[in-house]
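For reference, the chains in residue letters:
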Amino acid sequence: MRVSHKILWRVLAASVLVALLALGGAGLWFRQQGKEVFRLNSDLIADGYYMAGFEFKLLGIVHHLDNGRYLTALTTLTRLRDQLESREGLTKIPEAASPEEEARFFRALQDPQTGAFIDPTFPFSSYNEPTENVVGHLAALARESGGPLTLDHPLRYLDEIAEPEALRSFLDEVSIIGWLGNRFPETTYVFARSLASVLNGESAIRENQLYDFSPAYLEALRDWFHDTQDPETGYWGPRSRRDGSLARVDLNNTASVIKIFLDRNGQDRVPEQPLRYRDRMVATTLELIDRPLPEGAGLDAWHDWNISTTKGIRMLLRHLWAGASPEQRARARQILSAHVEVKFARFHVPESGGFSLYPEIGTASLDGTATMILGNLGAFSAERQARLWGAAEETAQDLGRLRTERLAPGDLAEIAEAREVNSLRVYTTPPEGDGLLSEPGWVIYPQPTPVMDAAELVPRVLSWLRSDAPALGNWTSRARLLEEYGALPAGDPARLPLPEGAAVLNEALQGAGQLTIIGFDVLQVPVARLDITLPDPA
């Protein structure tokens, strides 16, 4: 009798697992298998399959493993890998569908018994985050179509933790980890952080009134996070099953939990329960975001670097900036500049305009594009930029006014060679406010650089989102990004090479009678300005 390759693989895997457990290497084995399924997941997303629950399925498997349910973890991971390889039972997101058609597709993915948007054979702890993500996408589709947001089934899984005692028991369970659970890039603490969204304004379920969270539930949730903040680092995260200490300094989850206590301007949401340990949080955050992209790592390590550093940077700029010292802000600027250069050099896909989630794979993704931090840096908003770095008239060195009938080859040398200039934007009228982004007619790159000017980037991202982008990633959607980028004050400037483009500038000067050229650094902050006008009539 012939035994299938699949059965042989399972028997072998079980044998290997027994041996590994005896040697204490189960965590390493599962991490190696995780790298393979991450690769398969990336391929499936590129091919248009619905994969929104993938990361949380893996964390559900980690939950089994860390709690000693080794055989369940093995069989579940094996089943997941087999499905990703065979693609059996996976569904492709419909292409070129109307918002109503796409909404019907996603509603049909809901489990009728639990109400969650995930396979119910995975642990209960994994239910909420993919459900929030799909509900958020359905809400964006409803706004686009003008219709109501409805679900086919109630969110019954939330009934399991509706009472404060059950809620606290669940939070304690997923936030306490053992040595195996701590060997993975992400921990089951993400399931505790997921529930924090009902307090920080990011819960699509609560925003759209799809579940009635009681005042006692909300109070218990807030108190639990308040009481579990680490006093040494100011961070939240998983705690060791051995002694209750902080098992790791968890940047990814802290960046979400902090929103329970602070708004985007760094003000306390509930004055009676203010955020503690702010100074320690700033210092800890600067240390954690100042780490290089791991070279030669697997997809899981690159995934962790991209997500956690992005969230840490956003947390620093949105919530902690007001409390940062001048020295800390100067250090942050250096770190952020290096980060932007890495993102463009290693993650940007110029052909499409978007960004990949992993370095140099050449395929843009929704999740990767959502990790670009230019918006958080103020590149898309003059008001935000001024709040972070100062107004344009304060940050840009004034190089004076040049009066000339015709630009000579050396006339732009001073601004092109000005300190920190990455790109030049050329305007036919002096820009004000958000006109810095929306009104340039041309963009010039004086020196080779991987960092694309924001005025050129935004229309490219929009074009990709409106044409080739998939409908849904793991934790964001095309509709959400279209809302974000579609609301920006964007133009569509042409890229102008020098010195070949001098004739174009001279023609524009003759037509408008003036030009304003502003140099921007890699953070898209104005750092130099030159005004050019025709000479006064004789």
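The structure we're discussing is the one just above.
The structure contained in this document is the topic of the report that follows. (Residues numbered from 1 in each chain as written. Predicted model: local features only at pLDDT ≥ 70, side-chain atom pairs only at ≥ 80, totals over all residues. Heavy atoms only, no water.)

### A closer look at helix 21 (residues 454-467)
Piece 1. Taking 1.5 Å per residue, 14 residues should reach 20 Å; helix 21 reaches 20 Å between its end C-alpha atoms and fits that length.
Piece 2. In terms of burial, helix 21 is a largely internal element, ten of the 14 residues being buried.
Piece 3. By the burial criterion, the buried members of helix 21 are Ala454, Ala455, Glu456, Leu457, Val458, Pro459, Val461, Leu462, Trp464 and Leu465.
Piece 4. Between the side-chain oxygen of the N-cap and the backbone nitrogen of Ala455 there are 2.8 Å, and the N-cap of helix 21 in question is Asp453. (Helix = DSSP H or I, 4+ residues; strand = E, 2+ residues; numbered from the N terminus. Expected span 1.5 Å × (residues − 1). Buried < 20%, exposed > 50% of the residue type's maximum accessible area, 1.4 Å probe, protein only. Polar contact = N/O pair within 3.5 Å; in protein donor to acceptor, adjacent residues only side chain to side chain.)

### Structural notes on helix 7 (residues 164-175)
Piece 1. Between the first and last C-alpha of helix 7 there are 16 Å, a value that for twelve residues agrees with the 16 Å anticipated at 1.5 Å per step.
Piece 2. Those residues of helix 7 that sit buried are Pro164, Leu167, Phe170, Leu171, Val174 and Ser175. One side of helix 7 carries all its buried residues, which in axial view fall inside an arc of 125 degrees. (Arc of directions from axis to C-beta.)

### Looking at the sheet that holds strand 3 (residues 397-403)
Piece 1. Pairing within the open sheet is mixed, and its six strands lie in the order 3-8-7-4-5-6. The outermost strands of the open sheet, each flanked by one partner alone, are strand 3 and strand 6 (494-495).
Piece 2. The pairing of strand 4 (residues 423-427) with strand 7 (residues 514-520) spans five bridges and is classified as antiparallel. If you follow Leu424 over to strand 7, its bridge partner there is Gly519. (Pairing = 2+ DSSP bridges.)

### A look at the packing of helix 7 against helix 11 (residues 215-227)
Piece 1. Contact geometry for helix 7 and helix 11: axes closest at 9 Å, N-to-C directions at 30 degrees. Relative to helix 11, the element helix 7 lies roughly parallel. Relative to helix 11, helix 7 is oriented so that their crossing is right-handed. The residues of helix 11 that touch helix 7, namely those facing Pro164, Leu167, Arg168, Leu171, Asp172 and Ser175, are Ala216, Tyr217, Ala220, Leu221 and Trp224.
Piece 2. Looking at the contact of helix 7 with helix 11 residue by residue, the class counts come to eight nonpolar, one polar and two charged. (Axes fitted to C-alpha atoms, helices over the stretch in contact; angles between N-to-C directions. Parallel < 35°, antiparallel > 145°, perpendicular 65-115°, else oblique. Left-handed = near helix turned anticlockwise from the far one by under 90°. Contact = heavy atoms within 4.5 Å. Nonpolar A, V, L, I, M, F, W, Y, C, P; charged D, E, K, R; others polar.)

### Some remarks on the nonpolar core
Piece 1. With 138 residues, the main nonpolar core has Phe225 and Leu374 as its most contacted residues.
Piece 2. Per-element tally for this core: the top contributor is helix 14 (residues 299-320), with nine residues.
Piece 3. Among all residues touching Phe225, those that are not within four sequence positions of it are Tyr189, Ala192, Arg193, Ala196, Trp236, Val257, Ile260 and Phe261.
Piece 4. Core analysis: the next-biggest nonpolar cluster, separate from the first, contains 21 residues, Leu424, Leu505, Leu515 and Val527 among them. (Core = buried A, V, L, I, M, F, W, Y, C linked by side-chain atoms within 4.5 Å.)

### Structural notes on the pattern of salt bridges
Piece 1. Going through the model one piece at a time under the given rule, you end up with 24 salt bridges.
Piece 2. Between Asp43 and Arg39 there is a salt bridge, with the nearest N and O atoms lying 3.1 Å from each other. In this pair, Asp43 and Arg39 are both assigned in helix 2 (residues 26-46), four residues apart and thus about one turn of the helix distant.
Piece 3. In this structure Asp43 comes out as partly exposed when scored by relative accessible area, which is 32%.
Piece 4. Among the residues examined, Arg39 registers a relative accessible area of 36% and is labelled partly exposed.
Piece 5. Residues Arg419 and Glu420 are paired through a salt bridge, measuring 3.4 Å at the closest nitrogen-oxygen approach. (Salt bridge = Lys/Arg side-chain N within 4 Å of Asp/Glu carboxyl O.)

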